[in-house]
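Given next are the chains, with one letter for each unit.
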Amino acid sequence: MKQVIQKICKSLEIEKKIKILFAVENGSRAWRMESKDSDYDVRFVFVRPIQDYIQINRPNEVIEAFYDKNGNLLSSENSIIDFSGFDIFKFVQMLSASNPTTIEWLTTDIVYYGKQNKIFKDFAIKNFNKISLYHHYKSMCKMNYLKYLKSGNLVTYKKYLYAYRGLINAKWVVHKGTVPPIIFTNAMKELKGLIPKTVFNKLYEIVKLKSEGKEKDIVQNIVAMDNYIEQFLKDDNEAPREKPHATLNELNQELRKIVLGD
């Protein structure tokens, strides 16, 4: 599949007149929670020729496209390979605000095309805003829980995993003080003593069920897991308070270097 994805990257560069700096996996495969029929969530960062930025109407900052397993373009409903890319300016702006999406793109270990930028990656790891990252992940937990689980609209193992990925990663930021591991079970193991045993065991069971292709099974609400999420969402006492002191000089310098081709 990597060869198919690389071929798509090259085609996009020609079609869109862009240069893809790197393309990575950032979905269930990157988190090692994929099932047999999981699609490929390819995320990439691109840069345009300098003249494209010096005009009244700025070009699109996001490029999205969907493909089958052979790399043929099709609608999103039937796609196997989901491509989504950010323009370098949008990406760096989000990175400067410690957006977890951009940090995960830089820390995932599945790279399909190009190479993750070292300056950006070092900034993400060393200078991230703990307050921002904590609340981003907590918001992910809250959205998945309220929209799908508590509401009863779509109670599936997959939604439980997505809600708990937000919860676990938020707690990681608090108790470890670093960027959460991209592999979800690694974060779970490290925080085992902080999670109630019944919840922890059920979470491991759900990871296994997802790998067996049962992620979309409609299930009953799991009371113990719901209660723990409710408790987590109501309590902000453990939220980080320390503000970062990093400057954006390195990011700006690297941004200019990439765009100007220095």
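A. Examining the packing of helix α7 (residues 157–176) against helix α10 (residues 223–234) more closely. Between α7 and α10, the least distance of the axes is 11 Å, while the angle of their chain directions is 40°. Taken together, the axes of α7 and α10 are oblique relative to one another. Seen along the crossing, α7 lies across α10 with a hand that is left-handed. Across the interface between the two elements, Tyr160, Ala163, Tyr164, Leu167, Ala170 and Lys171 from α7 touch Met225, Asp226, Tyr228, Ile229 and Phe232 from α10. When its residues are assigned to classes, the contact of α7 with α10 shows nine nonpolar, no polar and two charged.

B. Examining a nonpolar patch on the surface more closely. A contiguous nonpolar patch, built from Ile50, Ile54 and Leu260 and spanning about 300 Å² of accessible area, is present on the exposed surface. Take Ile50: it is sitting in helix α2 (residues 50–53).

C. Quick look at the pattern of salt bridges. Here the structure, examined in full by the defined rule, presents 13 salt bridges. For Lys176, the salt bridge identified is with Glu190, shortest N-O distance 3.4 Å. Of this pair, Lys176 sits in helix α7 while Glu190 sits in helix α8 (residues 184–190), and the two are 14 residues apart along the sequence. Lys176 sits in the partly exposed class, given a relative accessible area of 36%. Close ionic contact of Glu205 with Lys202 constitutes a salt bridge, the shortest N to O distance being 3.3 Å. With Glu205 and Lys202 both in helix α9 (residues 197–211), this residue pair falls three residues apart, about one helical turn.

D. Region of the structure containing the packing of α9 against α10. Orientation of α9 relative to α10, taken along the N-to-C sense of each, is 115°, at an axis distance of 9 Å. Between α9 and α10, the crossing angle belongs to the class labelled roughly perpendicular. You can see that α9 and α10 cross each other, and the crossing is left-handed. Contacts between α9 and α10 involve Thr198, Val199, Lys202, Leu203 and Ile206 from the former and Ala224, Met225 and Tyr228 from the latter. Here the residues of the contact of α9 with α10 sort into six nonpolar, one polar and one charged.

E. Broad picture of the environment of Arg58. Looking at the secondary structure, you find Arg58 in the loop between α2 and β3 (62–67). Not counting residues within four places of it along the chain, the set of residues in contact with Arg58 comprises Tyr53 and Phe89.

F. Quick peek at the sheet that holds β3. Strand order in this open sheet of five strands is β3-β4-β2-β1-β5, and the pairing throughout is mixed. On the outer flanks of this sheet lie β3 and β5 (111–114), each paired with one strand and no other. Geometrically, the sheet is characterised by an average inter-axis angle of 15° between neighbouring strands, direction not taken into account. Summarising the sheet, strand β1 (residues 19–25) and strand β2 (residues 40–47) pair through six bridges and their orientation is antiparallel. Note on β2: the bridge partner recorded for Phe22 is Val45. Along the sheet, helix α3 (residues 88–96) contacts β1, β2, β3 and β4 (81–87); its crossing angle with β4, the most-contacted strand, is approximately 80°.

G. Main features of the packing of aromatic side chains. Considering all chains together, one arrives at ten aromatic pairs under this definition. Between Trp31 and Tyr162, the aromatic rings sit 5.7 Å apart at their centres with planes inclined by 80°, giving edge-to-face as the arrangement. Linking Trp31 in the loop between β1 and β2 with Tyr162 in helix α7, this pair joins segments that are 131 residues apart in sequence. Residue Tyr162 is classed as partly exposed on the basis of its relative accessible area of 22%. Three or more aromatic residues joined by ring pairs make a cluster, and in this case those are Phe22, Phe86, Phe91, Trp105 and Phe120. The cationic tip of Lys90 hangs over the ring face of Phe86; the distance from NZ or CZ to the ring centre is 5.2 Å. One Lys or Arg, Lys176, reaches over the ring of Trp172 and ends 5.7 Å from the middle of that ring.

Reading the values: rules and limits
Residues numbered from 1 in each chain as written. Predicted model: local features only at pLDDT ≥ 70, side-chain atom pairs only at ≥ 80, totals over all residues. Heavy atoms only, no water. Axes fitted to C-alpha atoms, helices over the stretch in contact; angles between N-to-C directions. Helix = DSSP H or I, 4+ residues; strand = E, 2+ residues; numbered from the N terminus. Parallel < 35°, antiparallel > 145°, perpendicular 65-115°, else oblique. Left-handed = near helix turned anticlockwise from the far one by under 90°. Contact = heavy atoms within 4.5 Å. Nonpolar A, V, L, I, M, F, W, Y, C, P; charged D, E, K, R; others polar. Patch = residues over 30% accessible without salt bridge, like charges linked within 9 Å, V, L, I, M, F, W, Y side chains within 5 Å. Areas by Shrake-Rupley, 256 points an atom, 1.4 Å probe, with all protein chains shown as cover. Salt bridge = Lys/Arg side-chain N within 4 Å of Asp/Glu carboxyl O. Buried < 20%, exposed > 50% of the residue type's maximum accessible area, 1.4 Å probe, protein only. Pairing = 2+ DSSP bridges. Phe/Tyr/Trp six-rings, centres within 6.5 Å; stacked < 30°, edge-to-face > 60°. Lys NZ or Arg CZ within 6 Å of the ring centre and 35° of its normal.

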